Amino acid sequence: MDVNVPDARLMPATLAPPAAFSGRGRRFAWTLLLLAVAFGAVPAAIVGTGSSYLAQIAITTMIFVILSASLNHVTGTAGLLSIGHAAFYGIGAYAAALLSTRLGLPFIVTLPAAGLIAALFGFLVALPTMRLVSIYFAVATLGIGEMIYVVLLNWVDVTRGPMGIRGIPPISLFGWQADTLLSRYLAVAVIAVACVWVLHRLTHSYYGNALRALREDDQCADSMGINVERLKIESFVVATFFAGIAGALLAHTSAYIAPDNFRFMESILILAMVVVGGLGSLPGAVVGALFMIVLPEALRDIGDYRMIAVGATMFLSILLLPKGMLAEGTALGFVRRSFSRGWATIAGGTPVGWK
Amino acid sequence: MSNTLLSIQGLTRRFGGLLAVSDVSATIAEGELVGLIGPNGAGKTTLFNLITGFTPPSDGTVTFDGQDVTGRKPWQIARMGMGRTFQNLRVFPNMTVFDNVSVGAVGAFGQSPWRALVNGGAHSRAVSERSWEALERVGLTAQAGDIAANLSYGKRKYLEIARALATAPRLLILDEPAAGLNDTETAELADFIRRLHAGGVTVLLVEHDMGLVMGSCSRVIVLASGRKIADGTPEAVQRDPAVLEAYLGVEDDAA
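Residues numbered from 1 in each chain as written. Chains lettered and ligands numbered in written order. Predicted model: local features only at pLDDT ≥ 70, side-chain atom pairs only at ≥ 80, totals over all residues. Heavy atoms only, no water.

Draft legend 1. Broad picture of the overall build of chain B. The helix and strand tally for chain B stands at 10 helices and 10 strands. In summary, chain B has a C-alpha radius of gyration of 19 Å against a globular reference of 18 Å for 255 residues, a match within 12%. Viewed in the frame of its principal axes, chain B has a C-alpha envelope of about 70 × 40 × 35 Å. Sorting the 255 residues of chain B into buried and exposed places 55% on the buried side. The long-range share in chain B, meaning contacts at least 24 apart out of those at least 6 apart in sequence, stands at 68%. As presented, chain B carries roughly 10200 Å² of accessible surface, and 48% of it is formed by carbon and sulfur atoms. For chain B, the centre of its 23 positive side-chain charges and the centre of its 27 negative side-chain charges are spaced 9 Å apart. (Helix = DSSP H or I, 4+ residues; strand = E, 2+ residues; numbered from the N terminus. Rg over C-alpha atoms; globule rule 2.2 N^0.38 Å. Buried < 20%, exposed > 50% of the residue type's maximum accessible area, 1.4 Å probe, protein only. Contact = heavy atoms within 4.5 Å. Areas by Shrake-Rupley, 256 points an atom, 1.4 Å probe, with all protein chains shown as cover. Lys, Arg positive; Asp, Glu negative; His and termini not counted. Charge placed at Lys NZ, Arg CZ, Asp CG, Glu CD.)

Draft legend 2. Summary view of the pairing of strand β7 (residues 171-175) of chain B. Residue and element names in this part refer to chain B. Burial analysis of β7 places 5 of its 5 residues in the buried class, which makes it a mostly covered element. Because side chains alternate across β7, one face comprises the buried residues Leu171, Ile173 and Asp175, and the other comprises Leu172 and Leu174, equally buried. Two elements, strand β6 (residues 82-84) and β7, share 3 bridges in a ladder whose sense is parallel. Following the sheet pairing, Met82 is matched in β7 by Leu171. (Pairing = 2+ DSSP bridges.)

Draft legend 3. Examining the packing of aromatic side chains more closely. Residue and element names in this part refer to chain A. Throughout the structure, instances matching the rule amount to 12 aromatic pairs over all chains. Seen from their ring centres, Tyr89 and Phe262 are 5.1 Å apart, and the 85° between their planes marks the pair as edge-to-face. Of this pair, Tyr89 sits in helix α4 (residues 85-101) while Phe262 sits in the loop between α11 (228-254) and α12 (264-277), placing them 173 residues apart in sequence. Summarising the burial analysis for this pair, Tyr89 and Phe262 share the class buried. (Phe/Tyr/Trp six-rings, centres within 6.5 Å; stacked < 30°, edge-to-face > 60°.)

Draft legend 4. Quick look at the layout of surface pockets. Residues and elements named next belong to chain A. The computed volume of the largest pocket comes to approximately 1200 Å³. The wall of the largest pocket is formed by 40 residues, among which Leu34, Leu35, Val193, Val196 and Val286 lie closest to the centre. Secondary-structure elements contributing two or more residues to the lining of the largest pocket are α2 (24-49), α3 (52-77), α8 (181-203), α13 (282-298) and α15 (328-338). Considering every element that reaches the lining of the largest pocket, the biggest residue donor is α2, with 11 residues. Here the residues of the lining of the largest pocket are counted per class, giving 31 nonpolar, 5 polar and 4 charged. (1 Å grid on protein atoms, 1.4 Å probe; cavity = no way out; pocket = protein on both sides within 12 Å on 5 of 7 lines; lining within 4 Å. Points joined across faces, edges and corners; volume = space filled by probe spheres on them. Nonpolar A, V, L, I, M, F, W, Y, C, P; charged D, E, K, R; others polar.)

Draft legend 5. Highlighting the side chain of Ser7(B). Residues and elements named next belong to chain B. By the element assignment, Ser7 lies in strand β1 (residues 4-15). Given a relative accessible area of 13%, Ser7 falls into the buried group. Of note is the side chain of Ser7, whose polar atom sits 3.4 Å from the side chain of Gln9. Setting aside residues no more than four positions away along its own chain, Ser7 makes contact with Ala26, Thr27, Thr61, Val62 and Thr63. (Polar contact = N/O pair within 3.5 Å; in protein donor to acceptor, adjacent residues only side chain to side chain.)

Draft legend 6. Representation of the sheet that holds strand β5 (residues 67-68) of chain B in the model. All names here are of chain B. Pairing is antiparallel across the open sheet formed by 4 strands, whose spatial order is β2-β1-β4-β5. The open sheet is flanked by β2 (18-29) and β5, the only strands paired with a single partner. Note: strand β4 (residues 59-64) against β5, 2 bridges, orientation antiparallel. Paired with Thr63 across the two strands is Asp68, which belongs to β5.

Draft legend 7. Fine view of the domain arrangement of chain B. Residues and elements named next belong to chain B. Split by domain assignment, chain B resolves into domain 1 (1-81 + 169-255) and domain 2 (94-168). Between domain 1 and domain 2, the C-alpha centre-to-centre distance is 27 Å. Each partner contributes to the interface: domain 1 provides 16 residues, whereas domain 2 provides 14 residues. In total, about 1100 Å² of surface goes out of reach between domain 1 and domain 2, with carbon and sulfur atoms giving 66% of it. When the buried surface of domain 1 facing domain 2 is broken down by residue, Arg79, Pro169 and Phe192 rank first, second and third, together holding 43% of it. Seen at the junction of domain 1 and domain 2, the total is 4 residue pairs in polar contact (both at pLDDT 80 or more). At the level of secondary structure, the elements contributing two or more residues to the side of domain 1 that touches domain 2 comprise β7 and α7 (183-198). With 4 residues, the top contributor of residues to the side of domain 1 that touches domain 2 is α7. A breakdown of the residues in the side of domain 1 that touches domain 2 according to their chemical character gives 11 nonpolar, 1 polar and 4 charged. (Domains from an automatic or database assignment. Buried area = accessible area lost by both parts, 1.4 Å probe.)

Draft legend 8. Structural view of empty space enclosed by the protein. Residue and element names in this part refer to chain B. Using the criterion set out here, one finds 4 cavities of 30 Å³ or more in the structure. By volume, the largest cavity amounts to about 100 Å³. If you go around the largest cavity, the residues you meet are Leu6, Ile8, Val24, Ala26, Thr27, Ile28, Leu36, Leu47, Ile51, Leu204 and Ile221. When residues of the lining of the largest cavity are traced back to their parent elements, those giving at least two are β1, β2 and α1 (44-52).

Draft legend 9. Main features of helix α5 (residues 121-138) of chain B. Residues and elements named next belong to chain B. Look at α5: 26 Å from first C-alpha to last across 18 residues, which is about the 26 Å you get at 1.5 Å a residue. Among the residues of α5, those classed as buried are His123, Ser124, Val127, Ser128, Ser131, Trp132, Ala134, Leu135, Arg137 and Val138. Immediately downstream of α5, the backbone of Gly139 shows phi near 75°, a positive value. (Expected span 1.5 Å × (residues − 1).)

Draft legend 10. Examining the interface of chain B and chain A more closely. Across the contact, 49 residues belong to chain B and 45 residues belong to chain A. Note on chain B versus chain A: buried area summed over both sides is about 4300 Å², and carbon and sulfur give 65% of it. Counting every contact that joins chain B to chain A gives 2 salt bridges. The salt bridge partner of Asp217(A) is Arg90(B), with a shortest N-O separation of 2.8 Å. Our count for the chain B to chain A interface comes out at 12 residue pairs in polar contact (both at pLDDT 80 or more). Of all the secondary structure elements, the ones that give two or more residues to the side of chain B that touches chain A are α2 (74-79), β6, α3 (97-109), α4 (113-117), α5, α6 (153-165) and α7 of chain B. For the side of chain B that touches chain A, a count of residues per class yields 25 nonpolar, 13 polar and 11 charged. (Salt bridge = Lys/Arg side-chain N within 4 Å of Asp/Glu carboxyl O.)

Draft legend 11. Examining the pattern of salt bridges more closely. Counted under the stated rule, the structure contains 15 salt bridges over all chains. Salt-bridge contacts for Asp218(A) lead to Lys232(A); the nearest nitrogen and oxygen are separated by 3.1 Å. Placement of Asp218(A) in helix α10 (residues 218-222) and of Lys232(A) in helix α11 is noted, with a sequence separation of 14 residues between them. Overall, Asp218(A) belongs to the partly exposed group, its relative accessible area being 26%. For Lys232(A), a relative accessible area of 6% corresponds to the buried category. For the salt bridge of Lys228(B) with Asp231(B), the shortest nitrogen-to-oxygen distance reads 2.9 Å. We classify Asp231(B) as partly exposed; its relative accessible area is 32%. What you see here is one network of salt bridges that share partners, running through Glu32(B), Arg219(B), Lys228(B) and Asp231(B).

This is the structure we're talking about:
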């Protein structure tokens, strides 16, 4: 069809639908850099120092990267403010702990089971709450989160209540056991990278665009042919699945879990990671988790003042960078260019859309 | 007359005691450019919402492309080929121009999380190409990478139309597209809509402004106080006493 408005005449007539953006070189550069840090630099530091403290921080960081990236999926990208994420983290942790200590199931079973059980709870929570909007949805997730915490705390027959569950076996795979510092870290890192990769594919795609459209204006997305309710439920289920996976990793790396690991404060901590990193920005969620785990540890020397320093840093970062350290728009552009996910090149070679 | 694309029969909507739309029947045939006008409060927006599925009717049916779509959800109706724009400009402000348009294409092609993970290449390419095409039709390809909120008001109007076009609509419903535009911009828009129609798109133009509708449409439906009071060529409608009364009022109006 040939329809022109005046604007069209200003454009070069030869601007055909552009060829796919080819940025393999740069894509490799960034992917390699990230993999080199996760599987080269950090393991080298752990082996070099032999520090279990360092290994523990690295493992905690990886677990929180999964939590932050998954919360970003539902809250940042799809715009459903969840303040009960830690509860699904808890469900995953308890599922893995109970399945392995009571039924003796191996890690290869408990890991996906933890994710699926958390996702099932996520689905059941999502069904009735998806029609709630903004703050009302947040309050509903707060209520659910507290409920789950109270159940973990008081259902002593199953969860052992405040005593928690001890003796959870370490990560193992077909006879191989992650019983050294390095192997524990590596196992967690491999799984965390896989989780982030899946979230990356979901977010940085046209599926992700549909999720962002929900956040921007769900009625409008509805009239574009987007099944809004289904997409909202999907995003919540995906987020709770990965929270469950993170829970299983916590259970199998720390050998001991208790309800206090999954309090409301944890949900807020995860939310803070997402907001400080940049709502809707997956790279931001990763950076936010790094920042919020590593900073308090780096400030140990100043003793009791460190949490004040962390709070002040959060306050200032959000004051100075209200869209987060890596704002969504910047992050999407970065992923399009540097990970070769973008589709088209216009004028200066800027890719748009998704592959 | 070619095939009937949209047919509404006895459409009625009550809000409490208020009869917003009362027993309205009309049809739109494939290839038509029809205007729907009426003074403020005539029930245009309500009728619009009844057709697109946002409001369920109290009574009556909506038939689109031979199927009864009464009570279906907006996304289902949209997917059947009914595209729309909004009166009060509802672009996705924090998304790029291209991504805005892609949502329309995604709506039409469907999307699943699995396809984002594996084997989605062909699907994504189809969405990309459809979106680019829609941007070309409104002349916004140069702004493809810009954040939608940063576009001028007029360009955001065209962006909305492009997004609706990306759904590959069989019927495109434009809700007061001239609102907020000056005379020059309105004339450009009218020109654009006529060319869109000439290119084969069936258009229902809901307008407050008489000029745009009378100059562009082959048929005009007039709504007043929730009722259809006229349906015919612009010339016939303009001479219709009931229309003149609704728009200008008559001194000895007993009602």
